[in-house]
Amino acid sequence: MENTRKHYDVVILGGGMGGLSCASFLVQKGFKPLLLEKERFLGGYGSAITREDYTWNVAVYAIRGLGEKEPFGKLLQRLSIYDKLDIGHPEISFAGIFGKEKFYLPQNPAVLKEQLASKFPEETRQLETFFQTVESFNILTKYNELKQENFKVYLSQFLQNELLQFYINSFLLPMGRPPEKTSAIFAMIYLKAIFFGGISMIRGGMKKMVDLLAEHIQNKGGEILLGHQVTEILTQEDRVQAVRAVNQRGEYLTVEADYFVSSLDPTRAFAELMPNPSAPVAEYLAHLRRLTPSTSAFIILLGLKKEVSLSPEFSFPTKPLQVGVILREDALDEPSCEIKKIYFIFCSANDPSLCPQGKECLALVTNVPFVSASFWEQNKEAFAEKLIQIAGQYLAELKENIACQIAFSPLDLYQRTGNSQGAIIGWDVTPEQVLKRRLSQDTPLKNLLLAGHWTQPGPDISLVSISGYQAANMIISEKSSGVAILPKVLRLP
Ligand SMILES: Cc1cc2nc3c(=O)[nH]c(=O)nc-3n(C[C@H](O)[C@H](O)[C@H](O)COP(=O)(O)OP(=O)(O)OC[C@H]3O[C@@H](n4cnc5c(N)ncnc54)[C@H](O)[C@@H]3O)c2cc1C
């Protein structure tokens, strides 16, 4: 069924945090963008789900950079959204269980340092130096020195004991790759944020933030079309002319615009949505195909009839937001479909508004590769059962208290967000693919910019929101100056 045709100043593809942030800053400056989202809900990985009495964030459990003076916090202040959010701070943000050992990270990182120093007294001085280096880490002064360095090599310059290195490295487990494949700079920024910047959560779940952004966009004249999947990006020479989208009734819409911002997986957008690509586009696509996506994850959201506790030998002063349980010595190696580690996310223990008192929302997460669609079609149920069984070894009476559960395999993550192979954070965070070396926001098509976790500055909702802000700013400056878009972030060798 064909076909409505419309013109906008900017069209944004994808309504995750990257797309929402871009639209929010554009409306702030008087633009009237259109945002197209394939699902009936916004947020992408940053969405939340409510089932029966229980609400969970699907994937965003711990937010970095949301302090009042931190970049993400400042961005939300500019949108007058910050004060409307109920921001909470878990008493213990991360904890680790390693065999019989356990450590935890409260708001004050000195406590973690003391726990590690009492276990490794011969490294007390080195730990002091390492924590100081993390606290004072400055990307601008360290970039050139460390841009090629991986975290394994970098950390070994501070700490000698391999087990201690293992404990520190395990804070990077959520990235899903071994320390020798993780950028030293990215690791240090991440550790600085979680040790010293503090971890935040949005009370009531991510839907609160997503709803506020959507309200802001619409109140200021932007338009959001849910249930509209972009099926084609129509180009002419070095510009995008229009995109076509189809809604769930099979009706097509063609929208033209001066600018387009895509937060979709760029490899898929360029390979699957652009018919007859020009030579520069084909060359760009070949470049994208040489980059490495991040690994995927298996998630189970559990609604529990009553609160469950970690068995006494594994308990902490209060229930941490996230507990990483290391099940095998090779837990830091590449993820495989054997369960080597598992995270418990104690959602409602740290935000009681997520379910009625006495009940509990819990998430179980582990990193796994995508393997293939048919693998997860066949193995999803058995994998979920195994994950719950392992979790039950740490959480007494877990299985018998499950009131409802929702599992996401890598295939589900791929189908929900369109990220290739259910990649959790866009490209991997190897030295070659982070910060200024991550895929630039400009593209060979002069009026098409990228936002989201596949582009600069990087993954997680705080950096992704910055990418949206940067894309909006590039358009705003070009419009006001009449000078062609230049990438605001330098492309480095
Ligand atoms: C298991 C897991 C745990 C994580 N933990 C954290 C955490 O604790 N803290 C944190 O900050 N980050 C976390 N992240 C990372 C974070 O969620 C992402 O980096 C971020 O949300 C990505 O946002 P985005 O806008 O780039 O992409 P997405 O969230 O993937 O959004 C893309 C959007 O585009 C839409 N779309 C796709 N194709 C089309 C199409 N053809 N037409 C129209 N719309 C389309 C999708 O439906 C989706 O809404 C985690 C991720 C995972 C998977």
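All values derive from a computational prediction rather than experimental measurement.

Enquirer: Would you mind showing me how to read the confidence of the model for the chain here?
Expert: Detail in the predicted coordinates should be disregarded across regions flagged by low pLDDT. In the predicted model, the chain carries a mean pLDDT of 94, and 97% of its residues have values of at least 70. Taken together, the stretch residues 488-493 has pLDDT below 50 and engages in 13 contacts with residues farther than four places along the chain or on a different chain.

Enquirer: What is the right way to read the nonpolar core from this model?
Expert: As a rule of thumb, nonpolar side chains are buried together in soluble globular proteins. Val11, Ile345, Leu362, Ala363 and Leu364 are the most contacted members of the largest nonpolar core, which has 153 residues in total. Ranked by residues supplied to this core, first place goes to helix α8 (residues 184-197) with 11 residues.

Enquirer: Help me out: how do you make sense of the site of the ligand in this one?
Expert: Around the ligand lies a shell of 38 residues, among which Gly14, Gly16, Gly44, Gly418 and Gly452 are the nearest. Sort the elements by how many residues they give to the shell around the ligand and helix α1 (residues 17-28) lands first, with 3 residues. Across the shell around the ligand, the residue classes tally to 20 nonpolar, 14 polar and 4 charged. Three or more residues apiece are contributed to the shell around the ligand by two domains, here domain 1 (4-84 + 205-292 + 427-481) and domain 3 (293-421).

Enquirer: What is the right way to read helix α13 (residues 373-392) from this model?
Expert: Owing to its 3.6 residues per turn, the α-helix brings residues three or four apart onto one side. With 20 residues, α13 extends 28 Å from end C-alpha to end C-alpha; this agrees with the ideal 28 Å at 1.5 Å per step. At asparagine 379, α13 shows its largest bend, some 60°. Every buried residue of α13 is listed here: Trp376, Phe383, Leu387 and Ala391. Of the surrounding secondary structure, the elements contacted by the buried residues of α13 are β13 (296-304), β15 (341-346), β16 (360-368) and α14 (410-417).

Enquirer: In this structure, what is going on with unusual backbone geometry? I would like to understand it.
Expert: The phi angle of most residues is negative, glycine excepted, and most peptide bonds adopt the trans form. Going from glutamine 456 to proline 457, the amide bond is cis rather than trans, its omega being 5°. Structurally, proline 457 can be placed in the loop between β18 (448-450) and α15 (461-481). Of note, the phi angle at glutamate 52 is positive, near 50°, even though the residue is not glycine. Here glutamate 52 shows up in the loop between β3 (48-51) and β4 (54-57). The class of glutamate 52 is exposed, set by 10 C-beta atoms lying within 10 Å. The residue aspartate 460 is not glycine, and still its phi comes out positive at about 90°. For aspartate 460, the position within the fold is in the loop between β18 and α15.

Parameters at a glance
Residues numbered from 1 in each chain as written. Predicted model: local features only at pLDDT ≥ 70, side-chain atom pairs only at ≥ 80, totals over all residues. pLDDT = per-residue confidence, 0-100. Contact = placed C-beta atoms within 7 Å. Core = buried A, V, L, I, M, F, W, Y, C linked by C-beta atoms within 7 Å. Buried ≥ 20, exposed ≤ 12 C-beta atoms within 10 Å, placed from the backbone. Helix = DSSP H or I, 4+ residues; strand = E, 2+ residues; numbered from the N terminus. Near = placed C-beta within 6 Å. Nonpolar A, V, L, I, M, F, W, Y, C, P; charged D, E, K, R; others polar. Domains from an automatic or database assignment. Expected span 1.5 Å × (residues − 1). Bend = angle between axes of the 7 residues up to and from the residue.

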